[in-house]
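# Survey of secondary and tertiary structure
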Amino acid sequence: MKVDVNEVPVLVADDEPLMRQLLASILRSMGYGNITQLADGPQALQAIQNNGMRIAFLDIDMPGFTGLEVMALAKATRPDCFFVIVTSHSGVDNVLAALNGGARGFIVKPFNAQKIHDVLLKFVQ
Amino acid sequence: LGIFFPLPMSITIRSSRIATALATFLMLATIATLGLAVWFARDQAIEEWRDQLDNLSLVLAEQGAQEVKSAFLVLDSIAETVDANGVETAAALRTTMSTQRQFDSMRDKIRGLPQVDVATIVAANGDVVNFTRGYPAPPINLADRDYFQAHIRNHKLGVYISAPVRNKGNGEWTFYLSRKLTGPHGEFLGMALVGFSSTFLSQFYRKINLGEEATVTLYRRDFLLLARWPHQDALMGKINKTGSTYQAIEVHRKKHDVVVVQTPRSSENGNEVLRMGAARVIEGYPLVVNVTVTDTRFLAQWRRFSAVLALVGCLSMIAMTLIFSVLIRLLKSREHDMEETRKLKSVAEAASMAKSDFLAMMSHEIRTPLTSIIGFAELLQKNRPGQPDGNTAAIILRNGQHLLSIINDILDISKIEAGRLALEQLTFSPVELAEGVHAMMASQAQAKALRFELVVAYPLPAQVVGDPTRWKQILFNLVSNAIKFTELGSVQLAVRYDAAAGQLVATVTDTGIGLAQEHQACLFQPFSQGDSSVARKYGGTGLGLYLVSQLAARMGGAVRVDSSAGRGAVFEVTIAAPLAQGVAWLAVAPAAPVPALAPRERVDPADPFARRLSGHVLLAEDGRDNRTLICAFLQGLGLTHEVVEDGAAAVQAALAGNFDLVLMDIQMPVMDGVRATEVLRAAGYARPIVALTANVMAEDLRRYAAAGCDSTVGKPVNVAEFVQVLARLLGDGAAADTVASFEELDGYQEIQASFQASLVARFDELGAGIAHERWGEVAALAHRLKGSAGSFGFPGVTRVAAHVEGAALHSDRQGARKAFEQLIALEELKQVDTAGAVKWEI
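First, a word on scope: everything that follows refers to the structure included in this document. Quick caveat, the model's predicted, so the values are computed rather than measured. (Residues numbered from 1 in each chain as written. Chains lettered and ligands numbered in written order. Predicted model: local features only at pLDDT ≥ 70, side-chain atom pairs only at ≥ 80, totals over all residues. Heavy atoms only, no water.)

## Some points on the overall build of chain B
The number of helices and strands found in chain B is 25 helices and 25 strands. Split into buried and exposed, the 842 residues of chain B put 46% on the buried side. Sequence separation of at least 24 residues holds for 65% of the intrachain contacts in chain B that already meet a minimum separation of 6. If you sum the accessible surface of chain B, you get close to 41,400 Å²; carbon and sulfur atoms cover 56% of it. (Helix = DSSP H or I, 4+ residues; strand = E, 2+ residues; numbered from the N terminus. Buried < 20%, exposed > 50% of the residue type's maximum accessible area, 1.4 Å probe, protein only. Contact = heavy atoms within 4.5 Å. Areas by Shrake-Rupley, 256 points an atom, 1.4 Å probe, with all protein chains shown as cover.)

As structure tokens, then:
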């Protein structure tokens, strides 16, 4: 991982605080230093659109908008954002919906550091 | 069939159209030719008539001139008489010229001139002095006549020709020629005139006999009609300025001419008539003669000619139409036949293709169970070496492999026949390949105590371009055939390179039973063997040599045999093998023998299971036997594994689980392996994926690689190759060790503690929800638990919470309770105080 990711703005959106913290902690261990944590859809959408998030981890089940909805709404203005859908709904229909919606990664909960690392390989490359 | 019908469809289809066009062209050409002929014939007929009429008009003019001249001679003699008698006054004229003697003299003069009707001497006041009709002359005064008036008006007028007048007595027409009589000093004494008979002229013209439509006319110079045949009273004395005479003399200003006109004709009541008129001025006199014939006369012959020509034209049209319609019909029927043939051909080809497809499919279907048989036999042999079971397994293995090679041959042949054999263009070393074949076949030769040698003719290119797999297949087939049919002696494989032809040449020589000339012809035919008795003894399908010849032909070469019964055989096979770019030539054998080629030979073939690997593998495979077999292999290698049966399940499992490698069958229901791999790669899945498939053609491999597969293992699974691929890919997994474990994360202890602390409350809620059957709430709580617990060191909670969620979604009270009981009884929760939750257990 030669790319300096310390300044890359990353959004972690999940309504469950512990999961949010865990993911942020994993990201920090990988060198990401600019992490924003949010707990609902509308806030996440605003952060992606206005605060220039380069990576967005979006939980599907969030109040306001689901992660898929946030991605669909944000995609138009921020096509460069690297969307990763995080969910415990691991059905292949969900995977296809996320990919068709423009997601670059799909993480099934419960996750480990390895999965987060693997998904971000495409981003750092 | 292609030999008999070499023309492409587009051309043959058009032949009847070409014939139609040709027929149309010929007919038009015929019509044009006939039309031109008729046109020229008409011109020619007119020209001939023109000459004829011109000549006729000349004759008539000469005749007219003679007769008019004779009449004028009469007038001249009267004038001479007047002169001779010295008449000087009008009175003297009366006395001198009114005598009986003068009368007789005049009568004598006109007696030989039938055209002259009368000769008259007129006094200066118009009184008739003497005339030939009777003596003495009656008292008639002619002062009012046109000729008299003309001479009075113009003293210088020499001669005058009058309009014709009708004789009231006999009804005949006469015109008068007159001349002045003058005294010695030019004084006007009177005039002499002769009556010229129009009737006489018209009777003469009648004799020319040009036919009913022809006319001959004499005009005064001012186109006043003097005489005519056929005679018409109404036209006499009329001026005609519409006919051909006026055209020729006045309009064209000619002395004589022949014109064709279509103008109103006086004799036809002013109707327009096409006619040809030859007009000619009579030299020396103000007279014009005209001969006219109408088209019914001068075009008569042409019309007969045209009619005959038209008849001939019609007959040839009919003949051509008949001939061409027969021809076109024949062509059409031929085209139809060809179309039928083409259809039959495509039907036959489709049937042949279907046969090949069927054969290919059947071969594939046979290979699949055979794969299991061979695989399990390998397992049995490995587990029980030296024991009876193990020996049995070895027999099964040997026979299975033999059967597999036959099936592979059939599959290859059906691919060749269906035109689906794709050849690769790779760079390979001919020496290494030949040595590989030699090494592989040496044991077989050894088993029969045969000497088996490889002879390489140097210099040989280090690298050539071609399909090494197929070339090896050819050499294997020829060498194994040679070993098979040789009981004593040796087998030799010789390899050389024909630089001029750019071909690799291999010669396999044996000292075996050989084969007779008559059997050599059908040697390279499918399903045929040299001799049926030989076939019974040695067995075989007869496919090997056919396959060799087909492969060699496809690779731009050929195979031929030289043998006779009992004296061994020499097979020579060539393939086109261009030199690789910038290739070196080997002058001698490479110093160190190159290790055998195929990857399977690089791994210790004795016991591939001697290797131990570690890792967690996901196997996606829908075939039950293959699944069992591969699971046994994985276990044998010390790998843990999970199994799914379709591509969609593979995607779900790979994303949810923690696998080090995915073995992905390609042909699977729901979602095939290629698609599943694509989806996984798109979703950011980064662990190795290995394709499992029977389709290992170059383009297939490219397809799998493009989808994101790291490697491919061919079916039937070759254990050594399988182990090697897994060892390589699982070894790569070590790189992932740089990722921190949870324990190393900053603040993980606190988060984990918070989660653990929240568990009691969560179980409380869950228990209460189940007790009150609030299923929506239960499902949501269980879902969250499922998604998080695994990350905080409670994988069991995640697993069982999924059961609770499933039961809640189905409002399954019994199932939910049971799962909940399991949940709180989990071993991993021993350090968590679940006592509070237990009270909800009923």
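## Focus on the nonpolar core
Residue and element names in this part refer to chain B. Formed by 61 residues in total, the largest nonpolar core has its most connected members in Leu-53, Leu-177, Leu-181 and Leu-218. If one sorts the elements of this core by residue count, helix α1 (residues 9-84) sits on top with 18 residues. Apart from the residues within four sequence positions on either side, Leu-181 is in contact with Ile-78, Ala-79, Val-82, Leu-93, Ile-121, Glu-187, Phe-188, Leu-189, Gly-190, Met-191 and Ala-192. (Core = buried A, V, L, I, M, F, W, Y, C linked by side-chain atoms within 4.5 Å.)

## Notes on unusual backbone geometry
Residue and element names in this part refer to chain B. In this model, Tyr-135 is joined to Pro-136 through a cis peptide bond whose omega is -10 degrees. Here Pro-136 shows up in the loop between β2 (128-131) and α4 (146-153). You will see that Arg-253, though not glycine, has its phi angle at about 55 degrees, which is positive. Position of Arg-253 relative to the elements: it lies in the loop between α6 (244-251) and β9 (256-265). One non-glycine residue, Ala-449, lies in positive phi territory at about 55 degrees. Along the chain, Ala-449 turns up in the loop between α10 (430-447) and β13 (451-456). Accessibility expressed as a relative area gives 67% for Ala-449, which makes it exposed.

## Here's the deal with the interface of chain B and chain A
Opposite the 37 residues of chain B that make contact, chain A presents 35 residues. Buried surface at the junction of chain B and chain A, both sides included, amounts to about 2,900 Å², of which 62% is carbon and sulfur. At the surface where chain B touches chain A, the tally comes to four salt bridges. For Glu16(A), the salt bridge identified is with Arg762(B), shortest N-O distance 3.2 Å. (Buried area = accessible area lost by both parts, 1.4 Å probe. Salt bridge = Lys/Arg side-chain N within 4 Å of Asp/Glu carboxyl O.)

## A closer look at the pairing of strand β18 (residues 558-563) of chain B
As a general feature of sheets, a regular strand has side chains that alternate between the two faces. Residue and element names in this part refer to chain B. Of the two faces of β18, the one holding Val-559, Val-561 and Ser-563 is buried and the one holding Ala-558, Arg-560 and Asp-562 is not buried anywhere. Across six bridges, β18 lies against strand β19 (residues 569-576) in antiparallel orientation. Bridged to Val-559 within β19 is Val-573. Where β18 folds back onto β19 in an antiparallel hairpin, the turn is made up of five residues, including Gly-566, whose phi is positive at roughly 80 degrees. (Pairing = 2+ DSSP bridges.)

## Comments concerning the packing of helix α17 (residues 647-656) of chain B against helix α18 (residues 673-682) of chain B
All names here are of chain B. The N-to-C vectors of α17 and α18 enclose an angle of 25 degrees; their axes lie 9 Å apart at closest approach. Relative to α18, the element α17 is oriented roughly parallel. Every pair of crossing elements has a handedness; the one defined by α17 and α18 is right-handed. Residues Gly-647, Val-651, Ala-654 and Leu-655 of α17 touch α18, and the partners they reach there are Ala-676, Val-679 and Leu-680. Here the residues of the contact of α17 with α18 sort into six nonpolar, one polar and no charged. (Axes fitted to C-alpha atoms, helices over the stretch in contact; angles between N-to-C directions. Parallel < 35°, antiparallel > 145°, perpendicular 65-115°, else oblique. Left-handed = near helix turned anticlockwise from the far one by under 90°. Nonpolar A, V, L, I, M, F, W, Y, C, P; charged D, E, K, R; others polar.)

## Brief notes about the sheet that holds strand β23 (residues 661-665) of chain B
Residue and element names in this part refer to chain B. Overall, parallel pairing links the five strands, which are arranged β22-β21-β23-β24-β25 in an open sheet. Each end of this open sheet is capped by a strand with a single partner; those strands are β22 (640-644) and β25 (711-714). Across the sheet, the mean angle from the axis of one strand to that of its neighbour is 20 degrees, orientation sign disregarded. Two elements, β23 and strand β24 (residues 689-693), share four bridges in a ladder whose sense is parallel. In the strand pairing of β24, Asp-665 is matched with Leu-692. Sitting on the sheet, α17 is in contact with β21 (616-620), β22 and β23, with an inclination near 165 degrees to β21.

## Re the layout of surface pockets
Looking at the second largest pocket, its volume works out to about 430 Å³. In terms of lining residues, the second largest pocket is bounded by 21 residues, among which Lys109(A), Pro110(A), Ala656(B), Lys786(B) and Thr798(B) are the most central. Where the lining of the second largest pocket is concerned, the elements lending two or more residues are α17 and α23 (795-809) of chain B. With five residues, α23(B) is the single largest residue contributor to the lining of the second largest pocket. (1 Å grid on protein atoms, 1.4 Å probe; cavity = no way out; pocket = protein on both sides within 12 Å on 5 of 7 lines; lining within 4 Å. Points joined across faces, edges and corners; volume = space filled by probe spheres on them.)

## Thoughts on the sheet that holds strand β17 (residues 503-510) of chain B
Residues and elements named next belong to chain B. Strand order in the open sheet made by the five strands is β13-β16-β17-β19-β18, with mixed pairing throughout. Edge strands, defined here as strands with exactly one partner in the open sheet, are β13 and β18. If you compare each strand with its neighbour and ignore which way they point, the axes differ by 15 degrees on average. Seen against the sheet, α10 touches β13, β16 (490-498) and β17 and runs at an angle of roughly 175 degrees to β13.

## What to know about the side chain of Ser490(B)
Structurally, the position occupied by Ser490(B) is in strand β16. Excluding residues within four positions of it along the chain, Ser490(B) makes contact with Arg451(B), Thr509(B), Asp510(B) and Thr511(B).

## Considerations on the packing of aromatic side chains
All names here are of chain B. The tally for this structure, following the rule as stated, stands at twelve aromatic pairs over all chains. Seen in terms of ring centroids, Phe-148 and Phe-188 are 6.5 Å apart; in terms of plane orientation they differ by 65 degrees. Their pairing is edge-to-face. Residue Phe-148 is found in helix α4, and its partner Phe-188 is found in strand β6 (residues 188-197); the two are separated by 40 residues along the sequence. The class for Phe-148 is buried, based on a relative accessible area of 4%. Judged by centre distance (5.8 Å) and plane angle (75 degrees), the rings of Tyr-497 and Trp-585 are edge-to-face. One end of the pair, Tyr-497, is in strand β16; the other, Trp-585, is in strand β20 (residues 585-586), and 88 residues separate them in sequence. (Phe/Tyr/Trp six-rings, centres within 6.5 Å; stacked < 30°, edge-to-face > 60°.)

## Some details on the environment of Ala98(A)
For Ala98(A), the location among the structural elements is in helix α4 (residues 92-100). When residues no more than four places from it in sequence are discounted, the contact partners of Ala98(A) are Leu68(A), Met71(A), Ile85(A), Ala103(A) and Phe106(A).

## Concerning helix α2 (residues 41-50) of chain A
Residue and element names in this part refer to chain A. For α2, the set of buried residues is Gly-41, Ala-44, Leu-45, Ala-47 and Ile-48. Projected onto a plane normal to the axis of α2, the buried residues spread over an arc of 165 degrees and lie on a single side. Its buried side turned inward, α2 meets β1 (9-13), β2 (34-38), β3 (55-59), α3 (67-75) and β4 (82-87). With a side-chain oxygen positioned 2.9 Å from the backbone nitrogen of Gln-43, the residue opening α2 is Asp-40. (Arc of directions from axis to C-beta. Polar contact = N/O pair within 3.5 Å; in protein donor to acceptor, adjacent residues only side chain to side chain.)

Treat this as a map of the structure, not an account of what it does.
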